[in-house]
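Each chain, letter by letter, is given below.
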Amino acid sequence: MILVGSSKKTLLFLELPLLIYTLIFFAYPVYLLIYYSFTDFLLYKPEIKFIGFENYIKILTGRGTFYYMNQIIYTVVVTFGSLALGMGFALLVDYFKRHRIFQRVLSALIMMPMLLIPAAVGVTWVFMYSEYYGPFNFVLRLLGLPTKPWLYTTSSLWYVMLTDIWGWSPFVYIILLAALQQIDPSILEAAEIDGATGFRRFLYITLPSILPLIGIVTTIKLIDTYKEFDCLYTMTQGGPGDYSTNLNVAIYRSFYKHRDFGTACAYGVLTLIFPILIVIIYHIISKRMEMRG
Amino acid sequence: MNKKEPSRDSIYSEVLKKKISRRDALSTGAKIGIGTVVGIVVGTVAGYLGGRATLPPPETVTKTMTVEKTKTTTLTETTTVTSTVATTASATPVVPSYKLERFEGVELRVPHPSGWGSWEPGLKLVPEFEEATGIKVKLDMLSWDDNTPKQLLEARQMTGVYDVSTVNVTEPLHPYLRPLTHYIEELYGSIEAFENDILSMNLQRAAMWEGEYVMIPMHANTVFMIYRKELFEDPENQKKFEREYGRELTPPKTFDELHEVASFFNNPPEFWGIATMNHRWIINTNVIHTLYDEGYDLLDKDFRPIIKYNDKARETLINIIKWWQDAYQKYKYVSAETLKWLDGELFDFFSAGRAAIALYVWDDFWGTIPGYNDPDVRAKIGRVAALPIPSLNPHGVHKGGIASWWTHGIPKGAKNPDAAWQYIKWAISDRVQLTCATGQFPPYKHQAEIALKRTIPHAPDTPLFPSREIFESMKNAKIDIYNYAAGKTVPELQMEPTTLFRESLELCYLGKMTPEEVVDKFADAIEKKLEEAGYYKG
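Each chain carries its own residue numbering, running from 1 in the direction its sequence is written. Think of it this way: whatever chain is written first is A, whatever ligand is written first is 1, and the rest follow in order. Local features are withheld for residues below a pLDDT of 70 in this predicted model, meaning they are given only at 70 or higher, and side-chain atom pairs are given and counted only at 80 or more; totals for whole chains, interfaces and linings count all residues. Side-chain measures here rest on the full set of heavy atoms in the structure, leaving out hydrogens and waters.

Novice: In this structure, what is going on with the interface of chain B and chain A? I would like to understand it.
Specialist: When the parts of a complex come together, some accessible area is lost, and that lost area is often used as the size of the interface. The partner chain A presents 41 residues to the 38 residues of chain B that form the contact. As used here, buried area is the combined drop in accessible area, with a 1.4 Å probe, of two parts when they are placed together. When chain B packs against chain A, close to 3500 Å² is buried across both sides, 56% of that on carbon and sulfur atoms. Of all residues in chain B, the largest losses of buried area upon contact with chain A belong to Arg156, Glu337 and Lys340 of chain B, amounting jointly to 18% of the total for that side. In what follows, salt bridge is the name for a side-chain nitrogen of Lys or Arg lying within 4 Å of a carboxyl oxygen of Asp or Glu. At the boundary of chain B and chain A, one finds five salt bridges. The salt bridge involving Glu492 of chain B is made with Lys45 of chain A; its shortest N-O contact spans 3.3 Å. In protein, a polar contact means a hydrogen-donor-capable atom and an acceptor-capable atom, both N or O and within 3.5 Å, with residues adjacent in sequence counting only if both atoms are side-chain atoms; elsewhere, any N or O pair within 3.5 Å suffices. If you look at where chain B meets chain A, you find 22 residue pairs in polar contact (both at pLDDT 80 or more). A run of DSSP states H or I qualifies as a helix once it reaches four residues; a run of E qualifies as a strand once it reaches two. Both are numbered from the N-terminal end. Breaking the side of chain B that touches chain A down by element, the ones donating at least two residues are α5 (144–156) and α22 (496–509) of chain B. The element best represented in the side of chain B that touches chain A is α5 of chain B, accounting for seven residues. Each residue receives one of three labels: charged for Asp, Glu, Lys and Arg, nonpolar for Ala, Val, Leu, Ile, Met, Phe, Trp, Tyr, Cys and Pro, and polar for the others, Gly being one of them. Here the side of chain B that touches chain A is composed, by residue class, of 17 nonpolar, six polar and 15 charged. Two residues qualify as a contact provided that any one of their heavy atoms is within 4.5 Å of a heavy atom in the partner residue.

As structure tokens, then:
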């Protein structure tokens, strides 16, 4: 390789485009985000004043902490819910590996929700939960049970979470299925001959084999779910009241409804904390695993 | 006849078939496809006169539009212009000539909310304007949520991207707009003549900045009630109602009557007494409509919340909210699901024949009144008529309520202000406004009078402007409340206080808060916000 033994200057020169790219498309916007979060930038006022931590204080002493909690609950429940369902689907499809056609049909059915864009998923599920047109309430009515406007209850966030889990478990499923199919079948067969039950085979062979991929999928899913906006906004717009409002909805509301760019930026800065923590935790765990060898 | 004119029938049929909510395309996303398909199918160019068969014999008036220097464009319009001067106002409105000037080679960039059905027939006439003036119009169709922030950002930076502004009069764009007073004087002959022609007296100050007009209305609207006429005229229903309530079954004019009528017809889940929409900004607007209709404002002259310092105002707002809470929780003639409804859902529900009355209908929903009187809908639910929202007072007296006003203006950074004025003048002209009257109220009295005399082509028994009562009520209507109270634009109202009010109302209607808590929290939020913003200094 030509580059082997190159000087530090050459390496720096080659890294320069990436550095410039990062500065322009990441560092500068983040700088602006942080800068404006310390101002009273209102779209309808010509002057902008520096106001220190006022926006942050307003958020953290107001409903901001509740929105943060909603965001964390949403992220954790949807991530691990998708993980459990995706894993279940993957194991089910893998179980039918000897019935190729059935496996393909099942796989196609499971993958279908991934074809829909999140906003379309949201709109579709608004109808699913509808008191008049929705199938859930239709069944309840057939059974003589009381119906409910599901998205207009104080538990609306949980119904959106169910939708999100339904929509994103295929993503987990497809990755874990690929991982399952990489496990050497002879190991599983040997364990079966030795008398290991299905559960023990899963616990001691399957799970450890796919654990690294589960780690990666969980990290990706945590960060991705943390950014959730489309589904939540189309289904509840943060309501009723602000029961299902998270930070992302709060940012949107601050900018588009209140024309308050300063507060929207402060919310934006606060949203950075969680992903940074996840990345740090992920690095710590990876390092420890490396050290263990 | 101008070959580019779409026929009135095609305009109506297009308007009728588009059932998407004007303010929230996302919530009715499933209908986008329907709108798109219909939009492609409809729009054939045909004779303007051809579609007028169902109208009373019109007096054909030839309007001569003088185009300076180069040529004279003559437009033939079949409006009964003689009726334009008929008005109930003390002074006769002046009908401007809307004479257009040529600006060869100039291009104007005009922002416009995307999917605004009521203005769609007007936009189809843009080529006429281009032909008459030599100006090329580049329409920038913005989503509803983007429309104001985008224009505010461009205007405050003086980028000159837009030559015209298109915003609600309450949107705080005023400091960034050029004065229009001299243009208006030129158009009307005097400012008094212009003010006499504006549909609502209360609009005037909202459109001004530092003593000058900076915005000019190009759209008016309000909320009203619709009801199924056949249900009210049915002899069986009339007998039964009289037996139960000891009075004649008539469309409700007060909230007490509304309660009786709604209870009478209510049979959920198949049939509901009332259908309404209470989603997002609508929920608080609806409540404030009744508060204003009782003669109150939101802020006093010192910008203090009246609902905090005037016991009667506080009690009135509490009563309004209590009425609605009972409607949802106690009597259950309104479904909680309407808390998630906008125009589209309301239209679908009502036109499917599942309610006797619908409240808070906005006419700029794509063809509301023509839509509810569409032959297919009529076959299902019979005739639909409109009246003002019932009043809280037992006498049925209306003091105004709210109205929505959209405006054009010229940003300070606009590159071609004189050409921009030509566009604005054209947009507010009779030609455009009466074409748009299929789905909105013309904002000028002389135009509204014409609309009142016209009928819907496919329903000749139904006036284009839903009813004179609504027209009269609109004359005293205040501006819808997002930003405006005490005769002044107060942008801070739109921020936390309005959001909190909206959220509190939702919770109240679900039985999670009391009306008293809602009102007091709202009043405190207003005062806190205005205190922070420096309104109470000195």
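Novice: Which parts of the structure should I look at to understand the packing of helix α9 (residues 198–226) of chain A against helix α12 (residues 261–292) of chain A?
Specialist: When two helices pack together, their arrangement is given by the angle between their axes and by how far apart the axes lie. Residue and element names in this part refer to chain A. Lines fitted to C-alpha atoms define the axes here, with helix axes fitted over just the stretch in contact, and angles between the N-to-C directions of these axes take values from 0 to 180 degrees. α12 packs onto α9 with a crossing angle of 175 degrees between their chain directions and a minimal axis gap of 10 Å. In terms of orientation, α9 and α12 fall into the roughly antiparallel class. On α12, the residues touching Gly215, Ile216, Thr219, Leu222, Ile223 and Tyr226 of α9 are Leu270, Thr271, Phe274, Pro275, Ile278, Val279 and Tyr282. Classifying every residue of the contact of α9 with α12 by side-chain character gives 10 nonpolar, three polar and no charged. Angles are sorted into four bins: roughly parallel if under 35 degrees, roughly antiparallel if over 145, roughly perpendicular if 65 to 115, and oblique for all others.

Novice: Where do I start with unusual backbone geometry in this structure?
Specialist: For the peptide bond that leads from Gly239 of chain A to Pro240 of chain A, omega is 0 degrees, which places it in the cis range. Within the secondary structure, Pro240 of chain A sits in the loop between α10 (230–235) and α11 (247–257). In this structure, Phe303 of chain B takes a positive phi of about 70 degrees despite not being glycine. Tracing the backbone through its elements, the reader meets Phe303 of chain B in the loop between α12 (281–293) and α13 (306–309).

Novice: What is the right way to look at the confidence of the model for chain B in this model?
Specialist: In low-pLDDT segments, the atomic positions of the prediction should not be examined closely. Residue and element names in this part refer to chain B. The quantity called pLDDT is the predictor's confidence in a given residue, expressed from 0 to 100. Here chain B shows a mean pLDDT of 82. Residues at 70 or above account for 82%. Here residues 1–90 is modelled with pLDDT under 50, and outside its nearest four sequence neighbours on either side it reaches 190 contacts, counting other chains as well. Here the predicted complex carries an ipTM of 0.81, next to a pTM of 0.81.

Novice: Help me understand the environment of Lys136 of chain B in this model?
Specialist: All names here are of chain B. Within the secondary structure layout, Lys136 lies in strand β4 (residues 136–142). For each residue, the accessible area found with a 1.4 Å probe, counting protein chains only, is set against the maximum for its type, and the residue is called buried under 20%, exposed over 50%, and partly exposed in between. Its relative accessible area of 45% is what places Lys136 among the partly exposed residues. Taking the C-alpha atoms as reference, Lys136 lies 45 Å from Ile381; in sequence the two are 245 residues apart.

Novice: How should a nonpolar patch on the surface be read in this particular structure?
Specialist: Residues and elements named next belong to chain A. On the surface, Leu11, Phe13, Leu14, Leu16, Leu18, Leu19, Ile20, Tyr21, Leu23, Ile24 and Phe25 cluster together to form a nonpolar patch covering roughly 1100 Å² of accessible area. Along the chain, Ile24 falls in helix α1 (residues 8–37). Given the relative accessible area of 46%, Ile24 is considered partly exposed. Put simply, a patch holds well-exposed residues, over 30% relative accessible area, that have no salt bridge, with like charges counted together within 9 Å and Val, Leu, Ile, Met, Phe, Trp or Tyr side chains within 5 Å. To be clear on the numbers: accessible area is Shrake-Rupley with a 1.4 Å probe, and residue cover counts the displayed protein chains and nothing else.

Novice: Is there a simple way to explain α12 of chain A in this structure?
Specialist: Given 3.6 residues to a turn, an α-helix orients residues that are three or four positions apart in the same direction. Residues and elements named next belong to chain A. Taking 1.5 Å as the rise per residue, α12 with 32 residues should run 46 Å; its terminal C-alpha atoms sit 48 Å apart, in good agreement. Those residues of α12 lying buried are Gly262, Thr263, Ala264, Cys265, Ala266, Tyr267, Gly268, Val269, Leu270, Thr271, Phe274 and Ile278. In this fold, the buried residues of α12 make contact with α1, α2 (54–61), α3 (64–95), α9 and α11. What a helix should span is 1.5 Å times the count of its residues minus one.

Novice: In this structure, what is going on with the packing of aromatic side chains? I would like to understand it.
Specialist: Two aromatic rings, taken as a pair, are described by how far apart their centres are and by the angle between their planes. In this scheme Phe, Tyr and Trp rings, the latter by its six-membered ring, pair at centre separations within 6.5 Å, and the angle between planes marks the pair as stacked below 30 degrees, edge-to-face above 60, and tilted otherwise. Applying the stated rule across the entire model yields 61 aromatic pairs over all chains. Geometrically, the ring pair formed by Phe241 of chain B and Phe264 of chain B is edge-to-face, given 5.1 Å between the ring centres and 90 degrees between the ring planes. Here Phe264 of chain B lies in helix α11 (residues 255–265) and Phe241 of chain B lies in helix α10 (residues 235–245), a separation of 23 residues in the sequence. For the pair Phe241 of chain B and Phe264 of chain B, one class covers both residues: buried. Among the aromatic residues, those joined into a cluster by ring pairs are Tyr28, Tyr31, Tyr35, Tyr36, Phe41, Phe229, Tyr233, Tyr252, Phe255, Tyr256 and Phe261 of chain A. In this arrangement the basic side chain of Arg304 of chain B is found over the ring face of Tyr536 of chain B, its NZ or CZ atom lying 3.5 Å from the centre. Charge-over-ring placement is defined geometrically: NZ (Lys) or CZ (Arg) within 6 Å of the ring centre, and within 35 degrees of the ring normal. The ring centre of Tyr292 of chain B lies 5.0 Å from the NZ or CZ of Lys478 of chain B, which sits over that ring.

Novice: Can you help me understand the environment of Leu249 of chain B in this one?
Specialist: Residues and elements named next belong to chain B. Within the secondary structure, Leu249 sits in the loop between α10 and α11. On a C-alpha basis, the gap between Leu249 and Gln238 in space is 5.4 Å, while along the polypeptide they are 11 residues apart. Aside from chain neighbours lying at most four places away, what touches Leu249 is Leu231, Phe232, Asn237, Gln238, Phe241, Val261, Phe264 and Phe265.

Novice: Can you walk me through the nonpolar core in this structure?
Specialist: Nonpolar side chains in soluble globular proteins generally cluster together in the buried interior. Judged by nonpolar contacts, the single largest core of 168 residues is most densely connected at Ile226, Ile321, Trp324, Tyr423 and Tyr509 of chain B. At nine residues, the largest contribution of residues to this core is made by helix α14 (residues 311–329) of chain B. In terms of nonpolar packing, the next biggest core, distinct from the first, is built from 21 residues, Ala90, Val93, Tyr173 and Leu188 of chain A among them. To define a nonpolar core, start from buried Ala, Val, Leu, Ile, Met, Phe, Trp, Tyr and Cys residues and group those joined through side-chain atoms within 4.5 Å.

Novice: Teacher, can you tell me more about the environment of Thr250 of chain B here?
Specialist: Residue and element names in this part refer to chain B. Mapped onto the elements of the fold, Thr250 is located in the loop between α10 and α11. Separated by 120 residues in the primary sequence, Thr250 and Pro370 have C-alpha atoms spaced 23 Å apart. Separated by 3.5 Å, the side chains of Thr250 and Arg247 make a polar contact.

Novice: Whenever I open this one, the packing of α3 of chain A against α9 of chain A confuses me. Can you help?
Specialist: Residues and elements named next belong to chain A. The interhelical angle for the contact between α3 and α9, taken along N-to-C directions, is 145 degrees, at an axis separation of 10 Å. For the pair α3 and α9, the sense of crossing is right-handed. Here Tyr68, Gln71, Ile72, Tyr74, Thr75, Val78, Thr79, Phe80, Ser82, Leu83, Met87 and Leu91 of α3 lie close against α9, whose contacting residues are Phe202, Thr206, Leu207, Ile210, Ile214, Val217, Thr218, Lys221, Leu222, Thr225 and Tyr226. Here the contact of α3 with α9 is built from residues that sort into 15 nonpolar, seven polar and one charged. Crossings are sorted by hand: turned counterclockwise from the far helix by less than a right angle, the near helix makes the crossing left-handed, and turned clockwise it makes it right-handed.

Novice: Explain the pattern of salt bridges here, please?
Specialist: Pairing between side chains of opposite charge can happen when their charged atoms approach one another. Tallying each qualifying case throughout the model produces 32 salt bridges over all chains. With a shortest N-O distance of 2.8 Å, Glu260 of chain B and Arg247 of chain B are connected by a salt bridge. With Glu260 of chain B in helix α11 and Arg247 of chain B in the loop between α10 and α11, this pair connects stretches of sequence that are 13 residues apart. One network of salt bridges, in which partners are shared, links Lys58 and Asp260 of chain A together with Glu496, Lys529 and Glu532 of chain B.

Novice: I would appreciate a short explanation of the pairing of strand β10 (residues 355–362) of chain B in the present structure.
Specialist: Each regular strand displays side chains that alternate between the two surfaces of the sheet. Residues and elements named next belong to chain B. Most of β10 sits inside the fold, with eight of its eight residues counted as buried. Pairing analysis gives four bridges linking strand β8 (residues 216–228) to β10, with the strands arranged antiparallel. Bridge pairing in β10 places Ile226 opposite Ala358. Sheet topology note: the strand β9 (residues 272–275)/β10 ladder contains three bridges and is parallel. Each bridged residue has a counterpart across the sheet, and for Trp272 the counterpart in β10 is Ala355. Whether two strands pair comes down to DSSP finding at least two bridges between them.

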